[in-house]
4 protein chains.
Amino acid sequence: MKLHRLRPPVTASKARHETFDVIFGHDTKAGRNFDLVLIVAILASVLVVMLESVASIRSEYGGILRAAEWVFTVAFTVEYVLRLWSVGRPFLYARSGLGLIDLVSILPTYLSVLLPGGQVLAVVRILRVLRVFRILRLAHYSGEASVLMNALRASRYKITVFVFAVMTIVAVVGSLMFLVEGPEGGFTSIPRGVYWAVVTLTTVGYGDIAPQSALGQALATVVMVMGYGIIAVPTGIVTAEIAFASRPSVGRRACEACSREGHDRDAEFCKWCGAGLGRSGPNDEE
Amino acid sequence: MKLHRLRPPVTASKARHETFDVIFGHDTKAGRNFDLVLIVAILASVLVVMLESVASIRSEYGGILRAAEWVFTVAFTVEYVLRLWSVGRPFLYARSGLGLIDLVSILPTYLSVLLPGGQVLAVVRILRVLRVFRILRLAHYSGEASVLMNALRASRYKITVFVFAVMTIVAVVGSLMFLVEGPEGGFTSIPRGVYWAVVTLTTVGYGDIAPQSALGQALATVVMVMGYGIIAVPTGIVTAEIAFASRPSVGRRACEACSREGHDRDAEFCKWCGAGLGRSGPNDEE
Amino acid sequence: MKLHRLRPPVTASKARHETFDVIFGHDTKAGRNFDLVLIVAILASVLVVMLESVASIRSEYGGILRAAEWVFTVAFTVEYVLRLWSVGRPFLYARSGLGLIDLVSILPTYLSVLLPGGQVLAVVRILRVLRVFRILRLAHYSGEASVLMNALRASRYKITVFVFAVMTIVAVVGSLMFLVEGPEGGFTSIPRGVYWAVVTLTTVGYGDIAPQSALGQALATVVMVMGYGIIAVPTGIVTAEIAFASRPSVGRRACEACSREGHDRDAEFCKWCGAGLGRSGPNDEE
Amino acid sequence: MKLHRLRPPVTASKARHETFDVIFGHDTKAGRNFDLVLIVAILASVLVVMLESVASIRSEYGGILRAAEWVFTVAFTVEYVLRLWSVGRPFLYARSGLGLIDLVSILPTYLSVLLPGGQVLAVVRILRVLRVFRILRLAHYSGEASVLMNALRASRYKITVFVFAVMTIVAVVGSLMFLVEGPEGGFTSIPRGVYWAVVTLTTVGYGDIAPQSALGQALATVVMVMGYGIIAVPTGIVTAEIAFASRPSVGRRACEACSREGHDRDAEFCKWCGAGLGRSGPNDEE
């Protein structure tokens, strides 16, 4: 969803314009206050859903929790309708990612009146937490988030190779442990061996399945030391990318002759065409 | 608390001046010896509090431990009074962070005479360990500590974005596992599912709750591999910042003769034309 | 195996040439489709082997799984024969790493007719997953994989030193815990102590063996904090290498006009004087 | 121990010179072969000690293992005597770190004849593994080891600050959990709480002590997420140092005027005194 495509209708009334600024904007004081109230309401409603899933709390405070749930749902419904009303192209908003999440946040409560099976609906309501990502559009955070996203995107091929290598190791090691330990050690099938291998290689180590025989423990030792080394690889990939993404080494000067960018800060001539770059202008440094 | 604002009174007696130098200073031999004795006393008194909480040790050596506790408390009280007496602005010190910790270190023992409920007071006494941070003001350490603090502060927005993303993942995954595994697998509520998700994603892996069903284990496998990748992100953020903060960084001074930039912070002459760079101006260092 | 040494016979028929391009190549549309089908078949056949090892699934769907196994085996056999037929030097292919894996992927199913003992053969069949690495030869992935491999190769001496240091720590710590805890705490022998030390130092922490005595727990605390610091070392090694390997690195070409170095690898003109740098010489790139 | 101070006596016989070269040297073919045999003997003797600690193996192969132990001990004794004989200053060698380890490797077996209590002596024999570090003096490894050591030494103040911060967190968190969970959750004393905090913060997570109450689990969640972030700090410190230690950015040119080093590769004038640095000489690059 591109936020700038969501505009109030050009010929809208002043009320719709102001509503738009409050609900969608982050620049006015009212808009920031609305953001704050919304965050608190979202987190509180998620807390209510979580507490309602605890049997002892539900049996004692069930009524209060259900009432709170309805208050939040009605409030979110009003907000959703106001969003549809104030935005210039309601369908564009309704079909966008955040618009769908807004809808999914309110539907389950209404459906629970019609349908039984509250647990699944409760879990769907948890997705409200995704609405929090609206605030990540605010200044500071969106820039930092995009550095992180760029670092992850730049390393996607390296990470794919790495995940494939890990999957292969896990399949082979899991099968070997199934052979070595067998059902006595809890390795009743190859998938369970693979599950154990993932638990071990990621250093989670529940201990619900653990090798019992000397050979199995020796193999596990090798896997663990390997995991030790392997955990270094994704860290190295992401670190190198983040360090690269946040360093200020390459200037933004464009060569006036060939208009290509990417010159070092200290370059005096274009490395692409050899033309002089001239003195660094004031807008060279960020 | 700015240490340089804590000065002995201008018109103070020689004794107060000397006491101030010993208690607050780290430059004289007496001051360094005092620091050393204080560190040993703090760590010993923390050890006493810890040992007193062990039932078997308390029943056997309870009398000795209580005696040691009173010795430390009286010593710290004398020290606290001397600090108040020797410092120029006692209230400034008493209201500062370290001053409050100094007070909190001695109060619980006196309160334990008046009030029952020793356990809570014992835990408060553990806060004495924070007094150790006085030594971090010493040379070497304070510089290094500030590099670490700056690296963490510079990455606070990235880390906030990251923590929000982790919280969202944990809420959604915990709810899913509650749905998939249910009470039989120990996932009796969504908060317990979230607890399990945190235990798994951080690779702690107690094993007190672990998925039993095949579907639950498959989901857990995905979460673990994800956690494997996710652990790389904060490491990458902090590493990039530390590498940036601790490198012999390049200033923004321009040479007045050839107007080129890129000199090291400690350079005195232009590396491009050999002209003197002059003293670093006040706005050169950040 | 050098792929470019695997060529169709020079005097081969058109059919053999086309078969070669489809089976070994990744450039034609048919070749890419073949790759895709092969990947799906490999992963599906690995899934079948895994599911067959689960007792409950085998008892219910055993017939279907065995039939699927034979379908995959026959298909892989046809593929293997086509590879042998279309390649110029069949023995070179058959003796190469990937050629041996191709053979190992089909042999166990035929052997299972002659020999009992299916479990070992099932595990050998899992090695089919290694065939997936054919796709890593595709564009993007092979470049990224080689960056990772180079980073690991460049740090092999550092990692050897590190692994030796860890092995020494583990041997000494494991022996100490055997002495301190003894058989009561589950430390029945030095190898078990070493196993525990590896489980702890790598932060896996199954909890199947854990120190019971106060002294053992104190020693374990020291080991864990040490492990905390030690885990940083391989990460640091690999990160530094990856950062070094993936940066737009600076070549050692000197400009013939001004003889200064420090040009980017992709520079065509000297950034210092603007003269043409000429094509990269053969010994410019490592 | 500085190896170059260990020289054969100046007036030594040819036999002593040759013995010295074989035993202490790594440059001759005989010296390298001796190193190899020694490594194998050390690892084999450590394996014997480990196997002897396994009750079932000792009861069956105890005689063979004891015989092997005596063979290794006699061989190491002969080697130790030859080292003392061939070296120019025997006492210097005997008092050096490696010399003491050589002695400790052979003493326990002789002592076991005189004294009972073999377990402690067995553990002391494990220290033989430290003799392996002789090979780290070989080419490649010693350079890489010193890069690692320098990186760790350069970050010792940062790591001290970090360890102190972790110890403080662990003491406070451990006490809080003792207060919140109490003996029912296994937190019978503050030291046990601290043990749990270390197990959790280092992400080892045995699961032998785990919070049971909702409040305890909530607190544990915070500790785990904190540990997640904290694990990034030592990694960042060490990575930054390794990256710094292994980068080739600063040349070794000394200014001819003021003879100070540390100039950038592209510097033309001394940044310390402004004198011209002249063209990079051939020995400028490593």
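Residues numbered from 1 in each chain as written. Chains lettered and ligands numbered in written order. Predicted model: local features only at pLDDT ≥ 70, side-chain atom pairs only at ≥ 80, totals over all residues. Heavy atoms only, no water.

## Observations regarding the overall build of chain A
Across its full length, chain A holds 11 helices and zero strands. Counted from the first residue to the last, chain A has its helices and strands arranged as α-α-α-α-α-α-α-α-α-α-α. Within chain A, contacts between residues separated by at least 24 positions form 53% of all contacts whose residues are at least 6 apart in sequence. Of the accessible surface of chain A, which amounts to about 13,500 Å², a share of 66% is contributed by carbon and sulfur atoms. (Helix = DSSP H or I, 4+ residues; strand = E, 2+ residues; numbered from the N terminus. Contact = heavy atoms within 4.5 Å. Areas by Shrake-Rupley, 256 points an atom, 1.4 Å probe, with all protein chains shown as cover.)

## Quick notes on the confidence of the model for chain A
Residues and elements named next belong to chain A. In the predicted model, chain A carries a mean pLDDT of 79, and the fraction of residues at 70 or more is 76%. Confidence drops under a pLDDT of 50 for residues 279-286, and excluding neighbours within four residues, the segment shows 12 contacts in the predicted structure. Overall fold confidence for the complex sits at a pTM of 0.81, while the interface term, ipTM, reaches 0.79. (pLDDT = per-residue confidence, 0-100.)

## Quick notes on the pattern of salt bridges
On inspection of all chains with the given rule, the structure shows 32 salt bridges over all chains. Lysine 14 of chain C is the partner of glutamate 18 of chain C in a salt bridge, and the nearest nitrogen-oxygen pair spans 2.8 Å. Residue glutamate 18 of chain C and its partner lysine 14 of chain C are both found in helix α1 (residues 14-24); the two are separated by four residues, about one turn of the helix. Here glutamate 18 of chain C falls in the partly exposed class, since its relative accessible area comes to 43%. The partner of aspartate 102 of chain D in a salt bridge is arginine 131 of chain D, with the nearest N and O atoms 2.8 Å apart. Within this pair, whereas aspartate 102 of chain D is found in helix α5 (residues 97-114), its partner arginine 131 of chain D is found in the loop between α6 (118-126) and α7 (141-154), the two being separated by 29 residues in sequence. When its relative accessible area of 3% is taken as the criterion, aspartate 102 of chain D is described as buried. Several salt bridges share partner residues, and in doing so they unite Glu52, Glu69, Arg125 and Arg128 of chain A into one network. (Salt bridge = Lys/Arg side-chain N within 4 Å of Asp/Glu carboxyl O. Buried < 20%, exposed > 50% of the residue type's maximum accessible area, 1.4 Å probe, protein only.)

## Here's the deal with the side chain of threonine 73 of chain C
All names here are of chain C. Here threonine 73 shows up in helix α3 (residues 55-86). A polar contact of 2.8 Å, which involves the side chain of threonine 73, links it to the backbone oxygen of glutamate 69. When near neighbours in sequence (up to four residues on either side) are disregarded, threonine 73 contacts Ile106, Thr109, Tyr110 and Arg128. (Polar contact = N/O pair within 3.5 Å; in protein donor to acceptor, adjacent residues only side chain to side chain.)

## Quick word on unusual backbone geometry
Positive phi, normally seen in glycine, also occurs at threonine 203 of chain A, with a value near 60°. With respect to the helices and strands, the residue threonine 203 of chain A is situated in the loop between α9 (190-201) and α10 (214-230).

## A word on the packing of aromatic side chains
The description of two aromatic rings rests on the distance between their centres and on the angle between their planes. Taken as a whole and assessed by the stated rule, the structure comprises 24 aromatic pairs over all chains. Centre to centre, the rings of tryptophan 70 of chain C and tyrosine 110 of chain C are 5.7 Å apart; their planes meet at 65°, and the pair counts as edge-to-face. Within this pair, whereas tryptophan 70 of chain C is found in helix α3, its partner tyrosine 110 of chain C is found in helix α5 (residues 97-114), the two being separated by 40 residues in sequence. Three or more aromatic residues link up through ring pairs in this structure, and these residues are Phe20, Phe24, Tyr80 and Tyr93 of chain A. The ring of phenylalanine 76 of chain A has arginine 131 of chain A sitting right over it, with the charged end atom 5.1 Å from the ring centre. Sitting over the face of the ring of phenylalanine 24 of chain C, arginine 83 of chain C holds its NZ or CZ atom 4.9 Å from the ring centroid. (Phe/Tyr/Trp six-rings, centres within 6.5 Å; stacked < 30°, edge-to-face > 60°. Lys NZ or Arg CZ within 6 Å of the ring centre and 35° of its normal.)

## Concerning the nonpolar core
The tendency in soluble globular proteins is for nonpolar side chains to be buried as a group. Membership of the largest hydrophobic core comes to 207 residues, with the highest contact counts inside it found for Trp196 of chain A, Trp196 of chain B, Trp196 of chain C together with Trp196 of chain D. If we ignore the near neighbours within four places in the chain, the residues touching tryptophan 196 of chain B are Tyr206 of chain A together with Val173, Met177, Phe187, Ile209, Ala210, Pro211 and Ala220 of chain B. (Core = buried A, V, L, I, M, F, W, Y, C linked by side-chain atoms within 4.5 Å.)

## So, the UniProt feature "transmembrane region" (unreviewed entry) in chain A
Residues and elements named next belong to chain A. Feature annotation in UniProt assigns "transmembrane region" (unreviewed entry) to the following positions: residues 36-55, 67-86, 106-127, 159-180 and 218-244. Here residues 36-55 is 90% helix and 0% strand, with 31 Å between the C-alpha atoms at its ends. Across residues 67-86 one finds 100% helix and 0% strand; the C-alpha atoms that close the span lie 29 Å apart. (UniProt positions renumbered as here; feature names shortened; annotations may be inferred.)

## Observations concerning a nonpolar patch on the surface
Residues and elements named next belong to chain A. A contiguous nonpolar surface patch, about 980 Å² in accessible area, is contributed by Trp70, Val74, Val78, Leu82, Trp85, Leu107, Tyr110, Leu111, Val113, Leu114 and Leu115. Among the elements of the structure, α3 (55-86) and α5 (97-114) are those that each provide at least two residues to the nonpolar patch. According to the relative accessible area criterion, tryptophan 70 is partly exposed, its value standing at 34%. (Patch = residues over 30% accessible without salt bridge, like charges linked within 9 Å, V, L, I, M, F, W, Y side chains within 5 Å.)

## A word on the packing of helix α1 (residues 14-24) of chain B against helix α2 (residues 29-52) of chain B
Angle between the axes and distance between the axes are the two parameters that describe a pair of packed helices. Residue and element names in this part refer to chain B. Interaxial distance between α1 and α2 falls to 7 Å at its minimum, and their mutual angle equals 50°. Looking at the two axes, α1 sits oblique to α2. Packed against α1, whose contacting residues are Asp21, Val22 and Ile23, the element α2 presents Ala30, Gly31 and Phe34 at the interface. Residue composition of the contact of α1 with α2, by class: four nonpolar, one polar and one charged. (Axes fitted to C-alpha atoms, helices over the stretch in contact; angles between N-to-C directions. Parallel < 35°, antiparallel > 145°, perpendicular 65-115°, else oblique. Nonpolar A, V, L, I, M, F, W, Y, C, P; charged D, E, K, R; others polar.)

## Regarding the side chain of serine 189 of chain D
Inspection of the secondary structure assignment puts serine 189 of chain D in the loop between α8 (156-181) and α9 (190-201). With relative accessibility at 5%, the residue serine 189 of chain D sits in the buried group. If sequence neighbours within four positions are ignored, serine 189 of chain D has contacts with Ser53 and Val54 of chain B together with Phe178 of chain D.

## Focus: α3 of chain A
Maximal helix bending in α3 of chain A amounts to about 85°, located at tyrosine 61 of chain A. Among the residues of α3 of chain A, those classed as buried are Gly62, Leu65, Glu69, Phe72, Thr73, Phe76, Thr77, Glu79, Tyr80, Arg83 and Ser86 of chain A. (Bend = angle between axes of the 7 residues up to and from the residue.)

## Digging into the packing of α3 of chain A against α5 of chain A
All names here are of chain A. For the pair α3 and α5, interaxial distance at closest approach is 10 Å and the crossing angle is 135°. In this view, α3 runs oblique relative to α5, as classed from their interaxial angle. As for the relative orientation of α3 and α5, their crossing is left-handed in sense. Of α5, the residues touching α3 (which contributes Glu69, Trp70, Thr73, Val74, Phe76, Thr77, Tyr80 and Arg83) are Gly99, Asp102, Leu103, Ile106, Thr109, Tyr110 and Val113. (Left-handed = near helix turned anticlockwise from the far one by under 90°.)

## A look at helix α8 (residues 156-181) of chain C
Here α8 of chain C is 26 residues long and its end C-alpha atoms lie 36 Å apart, about the 38 Å a rise of 1.5 Å per residue gives. Downstream of α8 of chain C by a residue or two, glycine 182 of chain C has a phi angle that is positive, lying close to 75°. (Expected span 1.5 Å × (residues − 1).)

## Comments concerning the environment of alanine 243 of chain A
Along the chain, alanine 243 of chain A falls in helix α11 (residues 232-245). For alanine 243 of chain A and glycine 205 of chain A, which are 38 residues apart along the polypeptide, the C-alpha to C-alpha distance reads 31 Å.

## Section: the environment of valine 166 of chain C
Residue and element names in this part refer to chain C. Inspection of the secondary structure assignment puts valine 166 in helix α8. Owing to a relative accessible area of 10%, valine 166 belongs among the buried residues under this scheme. For the pair formed by valine 166 and phenylalanine 34, sequence separation is 132 residues and the distance between their alpha carbons is 46 Å. Beyond its immediate sequence surroundings of up to four residues, valine 166 is in contact with Leu201 and Ile230.

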